[in-house]
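Fold and contact review
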Amino acid sequence: MVVLAAGFAVLMATDGTGTGWALAAGFLGWFLVVLLRLAPGTLVVTTSGIYHRSLVLEHFVPWNAVVDILAREGTDPWITVKALPLDGTRQRQHTGRLHTFEGQALPFIVARSSWLRANTVPAYQAVKHYYDHPEQRAELATSRV
């Protein structure tokens, strides 16, 4: 629906109408607000599981569904949380039915380093540590100052 509206706005703008330009500018403004609100992405480790939010989706996987944690190196590195589609897994795709890179990997969590920015290595280390040491997950509920 959003792609259709954007295409319609661009089509009207190319005709040179003021309405078309206003629609195209409105769509661009909306897109930038959404982009800036969601950037950078988030990867949160909790006592109950792992939450990931990117530009296109939100995804939560409980610890009992996680089967492995991997880090992909290269020009476009990312963190993969391999998971089974068990009860407690939740997802919300901001793009609807339009499949994206992260959406194609479901029920796995794929967190790209380009969205996590400088937090990629600490995020991987935290997820991997609490996956390998489930007895220490309770400390995630305590606040440290």
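Residues numbered from 1 in each chain as written. Predicted model: local features only at pLDDT ≥ 70, side-chain atom pairs only at ≥ 80, totals over all residues. Heavy atoms only, no water.

1. Focus: helix α5 (residues 120–132)
For α5, spanning 13 residues, the distance from its first C-alpha to its last is 18 Å, which sits close to the expected 18 Å at 1.5 Å a residue. Among the structural elements, β1 (42–45), β2 (49–53), β4 (66–72), β5 (78–83) and α4 (113–116) are those in contact with the buried residues of α5. (Helix = DSSP H or I, 4+ residues; strand = E, 2+ residues; numbered from the N terminus. Expected span 1.5 Å × (residues − 1). Contact = heavy atoms within 4.5 Å.)

2. Comments concerning the pattern of salt bridges
By the definition in use, this model includes three salt bridges. Of the charged contacts in the structure, one is a salt bridge between Asp-76 and Arg-112, with a shortest N-O distance of 3.9 Å. Here Asp-76 is found in the loop between β4 and β5, whereas its partner Arg-112 is found in strand β7 (residues 109–112), with 36 residues between them in sequence. Taking the relative accessible area as the measure of exposure, Arg-112 reaches 21% and is therefore partly exposed. One salt bridge connects Lys-128 with Asp-132, and the closest N-O pair in it is separated by 3.9 Å. Here Asp-132 and Lys-128 lie together in helix α5, a separation of four residues that amounts to about one turn. (Salt bridge = Lys/Arg side-chain N within 4 Å of Asp/Glu carboxyl O. Buried < 20%, exposed > 50% of the residue type's maximum accessible area, 1.4 Å probe, protein only.)

3. Describing the confidence of the model for the protein
Across the protein, pLDDT averages 80, with 71% of residues at or above 70. Highest mean pLDDT in the protein belongs to β4 (95); lowest belongs to helix α1 (residues 2–14) (62). (pLDDT = per-residue confidence, 0-100.)

4. Some points on the sheet that holds β5
One key point about sheets: their strands pair by backbone hydrogen bonds, in either a parallel or an antiparallel sense. The antiparallel open sheet is built from three strands, whose spatial order is β4-β5-β7. Whereas interior strands pair on both sides, the edge strands pair on one side only; in this sheet they are β4 and β7. The mean angle between the axes of side-by-side strands here comes to 10 degrees, regardless of whether they run parallel or antiparallel. Pairing of β5 with β7, which is carried by four bridges, proceeds in the antiparallel orientation. Residue Val-81 lies in a different strand from β7, and its bridge partner there is Ile-109. Sheet contacts for α5: β4 and β5; angle to β4, the most-contacted strand, approximately 155 degrees. (Pairing = 2+ DSSP bridges. Axes fitted to C-alpha atoms, helices over the stretch in contact; angles between N-to-C directions.)

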